[in-house]
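# Residue-level structure breakdown
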Amino acid sequence: MKLAILTGEPWADYGLVDSGHGRKLERYGPYRFIRPEPQAMWAPAQADWDAHGEFVPAPDDEGGGRWVFHKPVPREGWPLAWREVKFTAQTTPFRHLGFFPDMAPVWDWMRARIDGVEAPECMNLFGYTGVGTLALAAAGARMTHVDASKKSVAEGKANAALSGMEDKPIRWMIDDAAKFTAREVRRERRYDGIILDPPKWGRGPNGEVWKLEEGLPGLIADAAKLLDANSRFLFLTVYAVRMSALAIGELLRQHVAHLGGTIDCGELAVREEARGLLLPTAIFARWSR
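These remarks concern the structure in this document. (Residues numbered from 1 in each chain as written. Predicted model: local features only at pLDDT ≥ 70, side-chain atom pairs only at ≥ 80, totals over all residues. Heavy atoms only, no water.)

## Digging into the sheet that holds strand β10 (residues 142-147)
So the rule is basically this: At least two bridges found by DSSP between two strands is the condition for calling them paired. Segments assigned H or I by DSSP are reported as helices when at least four residues long, segments assigned E as strands when at least two residues long, and all are numbered from the N terminus. Axes here mean lines fitted to C-alpha atoms, for a helix over just the part in contact, with angles spanning 0 to 180 degrees between N-to-C directions. Should any heavy atoms of two residues lie within 4.5 Å, those residues are counted as being in contact.
In space, the eight strands of this open sheet follow the order β1-β16-β17-β15-β12-β9-β10-β11, with mixed pairing throughout. Each end of this open sheet is capped by a strand with a single partner; those strands are β1 (2-8) and β11 (170-174). The mean angle between the axes of side-by-side strands here comes to 20°, regardless of whether they run parallel or antiparallel. Here strand β9 (residues 121-125) runs beside β10; their pairing, made up of five bridges, is parallel. Note that in β10 the partner of E121 across the bridge is R142. Each of β1, β9, β12 (193-196), β15 (233-238), β16 (262-271) and β17 (278-288) touches helix α1 (residues 104-114); the most contacted strand, β15, lies at about 170° to it. Taken strand by strand, helix α4 (residues 177-186) contacts β9, β10 and β11, and its axis lies near 155° from that of β9.

## Focus: the side chain of D264
Heads up, the rule is: Within 3.5 Å is the distance limit for a polar contact, defined as a pair of N or O atoms, with the added protein rule that one can donate a hydrogen and the other accept it, and that residues adjacent in sequence qualify only through two side-chain atoms.
By secondary structure assignment, the location of D264 is in strand β16. A distance of 2.6 Å separates the side chain of D264 from the side chain of R286, its partner in a polar contact.

## Describing the packing of helix α5 (residues 212-225) against helix α6 (residues 245-256)
For any two helices packed against each other, one specifies the inter-axial angle together with the distance between the axes. For clarity, the cut-off: Put simply, a crossing is left-handed when the front helix is turned counterclockwise from the back one by less than a right angle, and right-handed when it is turned clockwise. Under the scheme applied here, ten amino acids are nonpolar (Ala, Val, Leu, Ile, Met, Phe, Trp, Tyr, Cys and Pro), four are charged (Asp, Glu, Lys and Arg), and all others, including Gly, are polar.
Contact geometry for α5 and α6: axes closest at 9 Å, N-to-C directions at 35°. The hand of the α5/α6 crossing is right-handed. Judged by residue contacts, L216, P217, I220, A221 and A224 of α5 engage I248, L251, L252, H255 and V256 from α6. Of the residues that constitute the contact of α5 with α6, the class distribution is nine nonpolar, one polar and no charged.

## Side note on the packing of aromatic side chains
We apply this condition: When the centres of two rings from Phe, Tyr and Trp lie within 6.5 Å, Trp using its six-membered ring, the rings pair. Their planes under 30 degrees apart give stacked, over 60 give edge-to-face, and anything left gives tilted. Think of it in three bands: with a 1.4 Å probe and only protein chains considered, a residue is buried below 20% of the maximum accessible area for its type, exposed above 50%, and partly exposed in between. Two conditions define a charge sitting above a ring: the NZ of Lys or the CZ of Arg must be within 6 Å of the ring centre, and it must be within 35 degrees of the ring normal.
Applying the stated criterion across every chain, the model contains 16 aromatic pairs. With centroids separated by 6.1 Å and ring planes inclined at 65°, the aromatic side chains of Y28 and F33 adopt a geometry described as edge-to-face. F33 matches Y28 in its accessibility class, with the two residues each being buried. Plain terms: the ring middles of W67 and F69 are 6.2 Å apart, the flat faces sit at 20° to each other, and that makes the pair stacked. Through a chain of ring-to-ring contacts, three or more aromatic side chains come together here, namely W11, Y14, Y28, Y31, F33, F55, W67, F69, W78, F87 and F99. Over the ring of F69 we find R75, and its NZ or CZ is 3.9 Å from the ring centre.

## With respect to the side chain of N124
Examined against the element boundaries, N124 turns out to sit in strand β9. We classify N124 as buried; its relative accessible area is 5%. Of the polar contacts made by the side chain of N124, one reaches the side chain of T133; its length is 2.9 Å.

## Considering the environment of F233
Relative to the assigned elements, F233 resides in strand β15. F233 gets classed as buried once you look at its relative accessible area, which sits at 0%. The spatial distance from the C-alpha of F233 to the C-alpha of R286 is 7.2 Å, given a sequence separation of 53 residues.

## Quick word on the environment of M123
Within the secondary structure, M123 is located in strand β9. What M123 contacts, discounting residues up to four positions off in sequence, is M143, T144, V146, F180, T181, Y191, G193, I194, I195 and L226.

## Focus on the pairing of β17
Across a regular strand the side chains alternate sides, sitting on one face of the sheet and then on the other. Within β17, nine of the eleven residues are buried, leaving the element largely enclosed by the surrounding structure. In this sheet, β17 lies alongside β15 in antiparallel orientation, the contact comprising six bridges. Counterpart to T237 in the pairing with β17 is F284. As judged from the ten bridges shared by β16 and β17, these two strands associate in the antiparallel manner. Its bridge partner lying in β17, L268 is registered against A282. Here β16 hands over to β17 after six residues, with G276 in that stretch at a positive phi of 80°.

## A word on the pattern of salt bridges
Think of it this way: side chains of opposite charge can pair up when their charged atoms draw near. We count it as follows: Every case where a carboxyl oxygen of Asp or Glu lies within 4 Å of a side-chain nitrogen of Lys or Arg is listed as a salt bridge.
In total, this model carries 21 salt bridges according to the counting rule given. The shortest N-O distance in the salt bridge between D18 and R275 comes to 3.4 Å. With D18 in strand β2 (residues 14-20) and R275 in the loop between β16 and β17, the pair connects residues that are 257 residues apart, well separated along the chain. Take D18: its relative accessible area is 0%, and that puts it in the buried class. A salt bridge links D264 to R286; the nearest nitrogen and oxygen atoms lie 2.6 Å apart. With a gap of 22 residues between them, D264 in strand β16 and R286 in strand β17 connect regions that are remote in the sequence. For the pair formed by D264 and R286, the shared burial category is buried.

As structure tokens, this is what we get:
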């Protein structure tokens, strides 16, 4: 099992401008925002940051936080694009802006895995607002998009419409990811590729409680049963937990070793524009053939 770094490079509509002292300055199209970033332990390149808004976290015992705006920002959101995919960015109460830009190299990697496969079947678990789903759909995949949030699935459909992909073969499922995956196993379904981006904690549509450390082993076991000798990839990302890439790499290896192929693990990172340094954002484990 190899250790690797997947680096997100700046693109026209997104860039990590600067980072340091526990914060990061990013550009999202024409707007700039400051967000907390505990991994940025170094000093920033610039002393003063000019931003449209900043997310100010609440004390640890309160959780959450709030946005403070210094310049006008469209509260209903504004359009961005990655490759063929168009989507709406928006300041959310959860400090992010409606998508995860560090996933861009993952989208490219998955598209390369299914290149040449005729009508590949792929599934996006915890699919959120659907940017990863649309990235694969644009490359020819028949997609199953699963998220417990009705609002997120609605935003995914809106992003599909914005991208001109309303007619792409996408199943939009409002469901608990673990329960849905278990049902797919019982239905004897198979997939060419699966992406999992589980949160640390969450609730399903019927109040199901998801805790990463408790639920991940069973979810990976079921997801592996949906792959076969012709499948191409499984990609797992994990954020905001005290967990090692080696640990999730071994968990994945034990469940997919019978399929052959390659397993590696490591870190996702985004390249800072100011100095080119890498800001780590998450850990991952992946299997591919």
